[in-house]
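Next come the chains, spelled out residue by residue.
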Amino acid sequence: MASPTFLRPPTAVRSVRDPLPADVRWMRLTANGLYLLAALVLAALALHLVIRQPVFALRMIHIDGDLARNSVATIRVNAVPQLRGNFFTIDLQAARRAFETVPWVRHAVVQRVWPNRLAVRLEEHRPVALWRAADDNGTAEQLVNSHGEVFEANVGDVEGDSLPTLEGPDGTSAAMLSMLTRLQAVFDRQGSHIDTLRLSGRASWAIELDTGAKVELGRGSDDEVLVRADRFVATVTQMTQAFQAPVIYADLRHRDGYALRLRGITTVAAPGAANRN
């Protein structure tokens, strides 16, 4: 008996697609790129139209922070005309600079508030001294704030504040304010107030007190100058009480002491005194 024969199904033959020609592939890529570019352009145009809608025009500016020296009218006149754009297009850094042009404003923070407002927080200068350049013998026309920065403002606004005057080279206002604070703590012990603090071009310190006395403090580090001032304050009362006369001038630049000039007291012989003896 013959053995059975098994027939296998014919093997499927896969058809292999020929690759597209290079020029066709480039045409398809170029077309897809153009479609994408067109879509981006249309999206940009649509976004441009949306952000230009009147609903996003700035309708309100909320002012917060220090307003002791300014009013809404002052801010409106000085800053608002410089603002450009709407909620989306306004340059916040340019807006900040616009508000910092307002008199007395030291720093401004500007933020967007959806959908058509700005929130502005102002920090005003706090004047602590008048400023006069070392080579200027005229009236002080600038001010120094609590950060030691010289700024422009109407000095007449602080005429009643009894501010001390700092007089020194450009760029020294911060160091001078620090020195003024330390020196004033020393002279507070004798109940004197420093009206003027001077720093010469040769780095020599001098002060004028509210009593009218002028005190030459001399050169050296801040600590060295403060040691001389402390020694003076601790001992000068003995002299003024002994002679019952106030100090009109003191020179602390001597190594082992200081020289004094008291009102009404002199060590210079009067003219003709030698002939009378």
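Just above, that's the structure.
Model, not experiment: these values are computed from the prediction. Counting restarts for each chain: residues are numbered from 1 in the order of the written sequence. Residues qualify for local features only when their pLDDT is at least 70, as the model is predicted, and side-chain atom pairs are given and counted only at 80 or more; totals for whole chains, interfaces and linings, by contrast, use all residues. To get the side-chain values, all heavy atoms of the structure are used, and hydrogens and water are removed first.

A. Representation of the overall build of the chain within the structure. Along its length, the chain carries 6 helices and 12 strands. Among the 277 residues that make up the chain, the fraction classed as buried is 31%. Working rule for contacts: check all heavy atoms of both residues, and any pair within 4.5 Å makes them a contact. Of the contacts formed within the chain by residues at least 6 apart in sequence, a portion of 47% connects residues at least 24 apart. Residue-level accessible areas treat just the shown protein chains as cover; the underlying method is Shrake-Rupley with a 1.4 Å probe. As displayed, the chain offers around 18,600 Å² of accessible surface, 55% of which is attributable to carbon and sulfur atoms. Segments assigned H or I by DSSP are reported as helices when at least four residues long, segments assigned E as strands when at least two residues long, and all are numbered from the N terminus. Relative accessibility decides the category of a residue: with a 1.4 Å probe and only protein chains considered, values under 20% of the type maximum give buried, values over 50% give exposed, and everything between is partly exposed.

B. Layout of helix α4 (residues 173-187). Here the expected length of a helix is defined as 1.5 Å per residue gap, with one fewer gap than residues. Between the first and last C-alpha of α4 there are 20 Å, a value that for 15 residues agrees with the 21 Å anticipated at 1.5 Å per step. Restricting attention to buried positions, one finds in α4 the residues Ser173, Met176, Leu177, Met179, Leu180, Leu183, Gln184, Val186 and Phe187.

C. Examining the side chain of Gln184 more closely. Mapped onto the fold, Gln184 is located in helix α4. Here the side chain of Gln184 touches Ser192 through a polar contact of 2.9 Å, landing on its backbone oxygen. Setting aside anything within four residues of it in sequence, one finds Gln184 in contact with Ser192, His193 and Ile194. For the purposes of these results, a polar contact is taken to be a pair of N or O atoms within 3.5 Å, where, inside protein, one atom must be able to donate a hydrogen and its partner to accept one; residues adjacent in sequence count only when each atom of the pair is a side-chain atom.

D. Quick peek at the packing of aromatic side chains. Here a Phe, Tyr or Trp ring, Trp counted by its six-membered ring, pairs with any other such ring whose centre lies within 6.5 Å, and the pair is stacked when the planes are under 30 degrees apart, edge-to-face when over 60, and tilted otherwise. Under the defined criterion, the tally for this structure stands at 6 aromatic pairs. Note on Phe87 and Trp114: the rings are 5.4 Å apart at their centroids and 85° apart in plane angle, and the pair reads as edge-to-face. You can see Phe87 sitting in the loop between α2 (72-78) and α3 (92-100) and its partner Trp114 sitting in the loop between β2 (105-113) and β3 (117-124), a full 27 residues away along the chain. Take Phe87: its relative accessible area is 8%, and that puts it in the buried class. With a centroid separation of 6.3 Å and an interplanar angle of 50°, the aromatic rings of Phe187 and Phe232 are classed as tilted. Highlighted residues: Phe187 in helix α4 and Phe232 in helix α5 (residues 222-243), separated in sequence by 45 residues. Per residue, the accessibility class of Phe187 equals that of Phe232, and both read buried. Taken together, the ring pairs in this structure connect Phe87, Phe88 and Trp114 into an aromatic cluster. Here, a charge over a ring means that NZ of Lys or CZ of Arg falls within 6 Å of the ring centre while also lying within 35 degrees of the ring normal. For Arg69, the ring lying beneath its charged end belongs to Trp104, and the centroid distance is 4.5 Å.

E. The arrangement of the side chain of Thr172 in detail. Topologically, Thr172 is positioned in the loop between β7 (165-168) and α4. According to the relative accessible area criterion, Thr172 is buried, its value standing at 18%. Of the polar contacts made by the side chain of Thr172, one reaches the backbone oxygen of Pro169; its length is 2.6 Å. Look past the residues within four positions of Thr172 in its chain and what remains in contact with it is Trp131 and Leu199.

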